Amino acid sequence: MAVNLTDLSLPQLEGLKTQLDQEIEFLTSSISQLKVAQSKFVEAKDSLNVLNQNNKGKEILVPLTSSMYVPGTLNDVDHVLVDVGTGYYVEKNVEDSKAFFKRKIDFLTKQIEKIQPPLQEKHAMKQAVIEVMSLKIQQLQQSQQASQMAGTTKA
């Protein structure tokens, strides 16, 4: 059911604008979260490029926490443990790991692309509501000025 915005009162338009603001904020936040997850998968996929025979036996820093590392030696350049979610890790070879991360990246890209059109639609709707609100405010001001002018000419 379509509603003509010009038929709504100013308070109803304000309520609609508030609702649209909340929906836009939610969709924008969703896209941001998906992009963060996507960038982690891209980083993980890119990190696999250092695993080659030239780097076998080289000294590396192994992260214990996000800010603490210990020295280590790269012994196996053919296999990695991949976090597949909910605390489960699977040993995969490098090529399978790259394919896994590519699938994850592609999935997240599709999810972001699904959210973009509704977000743009909400922005357009919000802009239309703002324009109608401005028009109604102008009409209200003009009618108030006209009634003031009518009141001063009678006196």
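What comes next concerns the included structure. Treat the numbers as computed from the prediction; the structure is a model and nothing was measured.

## Quick word on the overall build of the chain
Part 1 of the argument: From N to C terminus, the chain includes two helices and four strands.
Part 2 of the argument: Beginning at the N terminus, the succession of helices and strands in the chain can be written as α-β-β-β-β-α.
Part 3 of the argument: Each principal axis of the C-alpha distribution contributes one length, and for the chain these read about 100 × 35 × 25 Å.
Part 4 of the argument: Within the chain, the proportion of its 155 residues that are buried is 21%.
Part 5 of the argument: Expressed as a percentage of contacts within the chain between residues at least 6 apart in sequence, the contacts between residues at least 24 apart total 56%.
Part 6 of the argument: When the accessible surface of the chain is summed, it comes to about 11,400 Å², and 56% of that surface belongs to carbon and sulfur atoms.

## Some thoughts on the environment of E14
Part 1 of the argument: Summarising the element assignment, E14 is placed in helix α1 (residues 10-47).
Part 2 of the argument: Counting along the chain gives 57 residues from E14 to P71, while the straight-line C-alpha distance between them is 60 Å.

## Details of the nonpolar core
Part 1 of the argument: If you look at the biggest cluster of nonpolar residues, it comprises nine residues: L48, L51, L74, V77, V80, V82, V94, F100 and F101.
Part 2 of the argument: Among the elements of the structure, β3 (79-85) and α2 (94-154) are those that each provide at least two residues to this core.
Part 3 of the argument: With three residues, the single largest contributor to this core is α2.
Part 4 of the argument: Discounting residues that sit within four places of it in the chain, L48 has contacts with V80, V94, S97, K98 and F101.
Part 5 of the argument: Core analysis: the second largest hydrophobic core is formed by eight residues, L34, L108, I115 and L119 among them.

## As for α1
Part 1 of the argument: In this model, α1 (38 residues) spans 55 Å end to end at C-alpha, consistent with the 56 Å of a helix rising 1.5 Å per residue.
Part 2 of the argument: Here α1 has its buried residues at L13, L20, I24, L27, S30, I31, L34 and Q38.

## Quick look at the pairing of strand β1 (residues 59-63)
Part 1 of the argument: Burial runs low along β1: only zero of the five residues are buried.
Part 2 of the argument: In this sheet, strand β2 (residues 69-73) lies alongside β1 in antiparallel orientation, the contact comprising five bridges. Residue pairing across strands places E59 opposite T73, the latter belonging to β2.
Part 3 of the argument: With antiparallel pairing between neighbouring strands as the criterion, β1 and β2 make up a hairpin whose turn holds five residues.

## Focus on the packing of aromatic side chains
Part 1 of the argument: Throughout the structure, instances matching the rule amount to two aromatic pairs.
Part 2 of the argument: Both rings, one in F41 and one in F101, keep their centres 6.0 Å apart while their planes meet at 40 degrees; by these two values the pair is tilted. In this pair, F41 sits in helix α1 while F101 sits in helix α2, placing the two residues 60 residues apart along the sequence.
Part 3 of the argument: With relative accessibility at 22%, the residue F41 sits in the partly exposed group.
Part 4 of the argument: Looking at F101, the relative accessible area reads 9%, which means it is buried.
Part 5 of the argument: Between F100 and F101, the aromatic rings sit 5.4 Å apart at their centres with planes inclined by 70 degrees, giving edge-to-face as the arrangement. For the pair shown, F100 and F101 are each scored as buried.
Part 6 of the argument: Clustering of aromatic rings is evident, with ring pairs tying together F41, F100 and F101.

## Some details on the layout of surface pockets
Part 1 of the argument: By volume, the largest pocket amounts to about 640 Å³.
Part 2 of the argument: Taken together, 20 residues make up the lining of the largest pocket; nearest its centre are A44, S47, P63, V80 and L81.
Part 3 of the argument: Counting residues per element, the ones that place at least two in the lining of the largest pocket are α1, β1 and β3.
Part 4 of the argument: The biggest single contributor to the lining of the largest pocket is β3, with five residues.

## Focus on unusual backbone geometry
Part 1 of the argument: Its identity as a non-glycine residue notwithstanding, T86 has a phi of 50 degrees, on the positive side.
Part 2 of the argument: Mapped onto the secondary structure, T86 falls in the loop between β3 and β4 (88-93).

Cut-offs used in this document
- Residues numbered from 1 in each chain as written.
- Predicted model: local features only at pLDDT ≥ 70, side-chain atom pairs only at ≥ 80, totals over all residues.
- Heavy atoms only, no water.
- Helix = DSSP H or I, 4+ residues; strand = E, 2+ residues; numbered from the N terminus.
- Buried < 20%, exposed > 50% of the residue type's maximum accessible area, 1.4 Å probe, protein only.
- Contact = heavy atoms within 4.5 Å.
- Areas by Shrake-Rupley, 256 points an atom, 1.4 Å probe, with all protein chains shown as cover.
- Core = buried A, V, L, I, M, F, W, Y, C linked by side-chain atoms within 4.5 Å.
- Expected span 1.5 Å × (residues − 1).
- Pairing = 2+ DSSP bridges.
- Phe/Tyr/Trp six-rings, centres within 6.5 Å; stacked < 30°, edge-to-face > 60°.
- 1 Å grid on protein atoms, 1.4 Å probe; cavity = no way out; pocket = protein on both sides within 12 Å on 5 of 7 lines; lining within 4 Å.
- Points joined across faces, edges and corners; volume = space filled by probe spheres on them.

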